[in-house]
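Residues per chain, in single letters:
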Amino acid sequence: MLVQLFLWYNIAALYPRIALSIPGLGEIWSAQSNALVSPFSAAVIALVMHQSAYAAEIVRAGIQSVGNGQIEAARALGYRPAQIFRHTVLPQAMRAIMPPAGNEIIGQLKTTAVVSVISLQDVLFSAQIIYQRTYEVIPAAAGRHPVVSADDLSAVSGPVLRGALFWPRCHAT
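Residues numbered from 1 in each chain as written. Predicted model: local features only at pLDDT ≥ 70, side-chain atom pairs only at ≥ 80, totals over all residues. Heavy atoms only, no water.

The helix and strand tally for the protein stands at ten helices and two strands. Ordered by position in the sequence, the α and β elements of the protein form the string α-α-β-β-α-α-α-α-α-α-α-α. Looking at the protein as a whole, 23% of its 173 residues are labelled buried. Partitioning the intrachain contacts of the protein with sequence separation of at least 6 by distance along the chain shows that 51% fall at a separation of at least 24. For the protein, the computed accessible surface area is about 12,300 Å², with 65% contributed by carbon and sulfur atoms. (Helix = DSSP H or I, 4+ residues; strand = E, 2+ residues; numbered from the N terminus. Buried < 20%, exposed > 50% of the residue type's maximum accessible area, 1.4 Å probe, protein only. Contact = heavy atoms within 4.5 Å. Areas by Shrake-Rupley, 256 points an atom, 1.4 Å probe, with all protein chains shown as cover.)

Moving on: the nonpolar core. One finds Ile58, Val66, Ala74, Ile84, Val89, Ala93 and Ile97 forming the largest nonpolar core, which totals seven residues. Per-element tally for this core: the top contributor is helix α6 (residues 81-117), with four residues. Ignoring sequence-local partners within four residues, the contact set of Val66 consists of Val89, Gln92 and Ala93. Core analysis: the second largest hydrophobic core is formed by five residues, Ala43, Ala46, Leu47 and Val115 among them. (Core = buried A, V, L, I, M, F, W, Y, C linked by side-chain atoms within 4.5 Å.)

A few words now on the side chain of Gln108. As for its position among the elements, Gln108 is in helix α6. For Gln108, a relative accessible area of 19% translates into the label buried. Among all residues touching Gln108, those that are not within four sequence positions of it are Leu47 and Gln51.

Time to look at the pattern of salt bridges. Applying the stated rule across the entire model yields two salt bridges. Between Glu27 and Arg17 there is a salt bridge whose closest N-O contact spans 3.6 Å. Placement of the pair is Glu27 in strand β2 (residues 26-32) and Arg17 in strand β1 (residues 17-22), with a sequence separation of ten residues. In this structure Arg17 comes out as partly exposed when scored by relative accessible area, which is 45%. Taking the shortest distance from any N to any O, the salt bridge between Arg60 and Glu57 comes out at 2.3 Å. Here the residue Arg60 and the residue Glu57 both occupy positions in helix α4 (residues 39-64), the gap between them amounting to three residues, near one helical turn. Given the relative accessible area of 37%, Arg60 is considered partly exposed. Since its relative accessible area comes to 40%, Glu57 is described here as partly exposed. (Salt bridge = Lys/Arg side-chain N within 4 Å of Asp/Glu carboxyl O.)

Here β1 pairs with β2 via six bridges, running antiparallel. Of the residues in β2, the one forming a bridge with Ile22 is Gly26. The loop that links β1 with its antiparallel partner β2 comprises three residues; one of these, Gly24, has a positive phi angle of about 90 degrees. (Pairing = 2+ DSSP bridges.)

See below:
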C-alpha cells in the first residue's frame, strides 16, 4: 500500500505529461501530471488499486466454491449460460463472498484512516532523504537504496507465515 502511495504521488517523475492522442488526428488533449494527480487523488488511486486485487480474488474464490454438479443440474434443466450464472452460481457464491467482502470493507476503512492521518512525508522520510541527495525519486522507491521495499518485506514475511502454519502440525499432542 505504501509503495503504491509513493508511486502515485510521484507519478510525474515517470510521466511528466499525460496526453490523449488519436492516430491520424494527433494529440487531442494533454496536461501536466502534477496538475492531474493531487495528493488526494494519489491516495484514492492507491487505495482503489490496492483493494481491487483483494476484491477480485474474493469474487473469484466465491464463484469457484460452487460445485460443478450445480452447474450441470442447471444445464440439465435447460438454463442458458447467463441464467445459470444469475440463478444458480451467483446466489450460492454470495454465501462465500459476503463475509470476506465485509472484512475487506472494514479493512478499507482502516486503511483510509491511516492515509488521512499519516502524511506521505512521515512514512517515507528515509526515501525523501535519499532522493534529496541523489535527485532520483523512483530508484529510492524501487529499493536500490537502503530503504525497506516490498520485496524485503515479503522475503521476511513469507518464511514467518509458513513457519506459523507449520508450527501447530509439528507440536500437536
